[in-house]
Amino acid sequence: MKATAIYDKSHRWIMFGRDPDKVGGIIDTNQYMIITRNHAFILDPGGIELFSSMLASILHFVPLDKITHLFASHQDPDIISSLGLWDQTLPNAKLMAPWMWEGFIRHFGCENIHYVSLPDQGATLRLDEVEFEFVPAHYLHSSGNFNVYDPQARILMSGDIGSALEKDGSPLFVDNFKEHVSKMQLFHQRWMPSNTAKNAWVERVRKLDVDILAPQHGRLFQGDDVKRFLDWFESLEVGLAKEGEYMSEKKIELT
Amino acid sequence: MAADLENPDFYVVAAVAAADLSAALEVAEDVSLAAANANAIGHRAGEAARGFRPITDFMDEVARDTIRLVRDINQEALAISRVSIRKMRSDTAWLRFENVKKRVNNDTTSRSLETVLERVSLMIREEHQLVERHLRNLMALLDEVELRMRAVRSVAASARVEAIHTGDYRPHFESVAETMDNAAEIIRERVLRNRRMFEQVELR
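Q: Can you break down the packing of helix H6 (residues 195–206) of chain A against helix H7 (residues 224–235) of chain A residue by residue, with the values?
A: All names here are of chain A. Here H6 crosses H7 at 160 degrees, and the two axes come no closer than 9 Å. Taken together, the axis directions place H6 and H7 in an arrangement best described as roughly antiparallel. Seen from above, H6 lies across H7 with left-handed handedness. For the pair H6 and H7, contact is made by Lys198, Asn199, Trp201, Val202, Val205 and Arg206 and by Phe229, Leu230, Asp231, Phe233, Glu234 and Ser235, respectively.

Q: Could you give an account of the interface of chain B and chain A, naming the residues involved and the relevant values?
A: Frequently, the measure chosen for interface size is the accessible area that the parts lose on association. Each partner contributes residues to the interface: chain B has 17 residues there, and chain A has 17 residues. Regarding the contact of chain B and chain A, the summed buried area is about 1,500 Å², with carbon and sulfur atoms giving 64% of it. Remark: the boundary between chain B and chain A carries zero salt bridges. Between the two partners, chain B and chain A, sit two residue pairs in polar contact (both at pLDDT 80 or more). Every element with two or more residues in the side of chain B that touches chain A is listed here: helix H1 (10–45) and helix H2 (53–103) of chain B.

Q: Pulling in residues and values, what's your account of the pattern of salt bridges?
A: All names here are of chain B. Taken as a whole and judged by the stated rule, the model has 32 salt bridges over all chains. Across the pair Arg68 and Asp72 runs a salt bridge whose closest N-O atoms are separated by 4.0 Å. Taken as a pair, Arg68 and Asp72 lie in helix H2 at a separation of four residues, close to a single helical turn. Assessed through its relative accessible area of 40%, Arg68 is described here as partly exposed. Overall, the relative accessible area of 31% leaves Asp72 in the partly exposed class. The salt bridge involving Asp143 is made with Arg195; its shortest N-O contact spans 2.6 Å.

Each value, and the rule that gives it
- Along each chain, numbering runs from 1 in the same order as the chain's sequence is written.
- Here every chain gets a letter starting at A, and every ligand a number starting at 1, in the order they are written.
- Thresholds applied to this predicted model are a pLDDT of at least 70 for local features of residues and 80 or more for the giving and counting of side-chain atom pairs; totals over whole chains, interfaces and linings are not thresholded and use all residues.
- Each side-chain value is derived from all of the structure's non-hydrogen atoms; neither hydrogens nor water enter the calculation.
- Fitted lines through C-alpha atoms serve as axes, helices being fitted only where they are in contact, and the angles separating the N-to-C directions of these axes extend from 0 to 180 degrees.
- Runs of H or I in DSSP of at least four residues are treated as helices and runs of E of at least two as strands, each being numbered from the N terminus.
- Orientation is classified from the angle alone, with under 35 degrees giving roughly parallel, over 145 giving roughly antiparallel, 65 to 115 giving roughly perpendicular, and any other angle giving oblique.
- With the far helix as reference, a near helix turned anticlockwise by less than a right angle produces a left-handed crossing, and one turned clockwise produces a right-handed crossing.
- We call two residues in contact when some of their heavy atoms are within 4.5 Å.
- Accessible area, probed at 1.4 Å, shrinks when two parts are joined; the buried area is that loss added up over both.
- Each salt bridge in this description consists of a side-chain nitrogen of Lys or Arg and a carboxyl oxygen of Asp or Glu lying within 4 Å of one another.
- Counted as a polar contact is a pair of N or O atoms within 3.5 Å, where, for protein atoms, one must be capable of donating a hydrogen and the other of accepting one, and residues adjacent in sequence contribute only when both atoms are in side chains.
- We call a residue buried when its accessible area falls under 20% of the maximum for its residue type, exposed when it is over 50%, and partly exposed in between, using a 1.4 Å probe and counting protein chains only.

Listed below in structure tokens is the structure:
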């Protein structure tokens, strides 16, 4: 699995992804780890099929006992179905995740890790000298959903927001925003159900100082592309149920 | 059951080893660079460094070999971690099926579960054998690296002697010998540490 430092100053942000050993048929995902003086914090640790690659990659940077916190933006399997294995590996860690998914996420196996419920309005977490914010991103796409904002590094880990569906091995950062739109348009229109929630999120994020917007699939946005993304997303109609496509009376017979 | 970090599971040990030995790769790459530098100095030093040439050739060769070996070790360690996790999942599935079997009284259901249990048992045996095979490969590769590092240390001792005859270039060649010796010691120490780790943990 490829590991790249996207911020390396007072603390570090490492992005993991573009795994060449990934089994076929599963969507490519970006995982992130933040390393402060005494802690390591894994954001959206990924699916069960990625666990061994993730564990080996993480150990290049930190020993196991430094990993104290995990974060799950929402309940999807590509986000956190590896939980049962992390639970065996890091029995003393804490999982920060939306309150409303606790009873669901625990189905992945959570006997040892302490589940810390994130309230709807958001929360903060201080690890050494860095204070992180859990920014509400409900209905984008999950009805209980958070982003993680690091005001020092000016990075917003945006979960599924900003995600794109593209070929394995794509570059790390968006290099041509106009071309990139075609790779993310369908994803946002189909996966995101609410224009109201989307606009509230855009307004919330515009107030933050963001240099890197780091989604869970596809490329990251940096500098002016962050603003371009917010403008594009704001003007996009999402949650469309098109007559004749999703609402057709005609049923397809499966075998 | 939770993993005890004092006595970690096999998949954790393998992942730790893969990460730890990757650092040996960086050391081997440094040796390769040092060999290239020594070669360049050797050309400048001309006749005075004649005795040093076979040493720089050896360094270059051993660095390249070590890089290849460490990459292979890394792959074996990752394979051990991956298959151990698969086996752990199969073990869990087996326990759950067994639990269900105990709770059903119906013969037909019990027989159908028996088929599933046999299939999972076979899978567990195959996974166990696969881990053992990767482990044997890994141990053999660790042996190979250790042998090479012993050779490097004895060549480093000869290099120190040869450096005496290189006149003004002596400090450069002494530094090359030092780099070689330190690198060999670092790599050997990592190899031994990881071997001990694998020997101490039991594959269940």
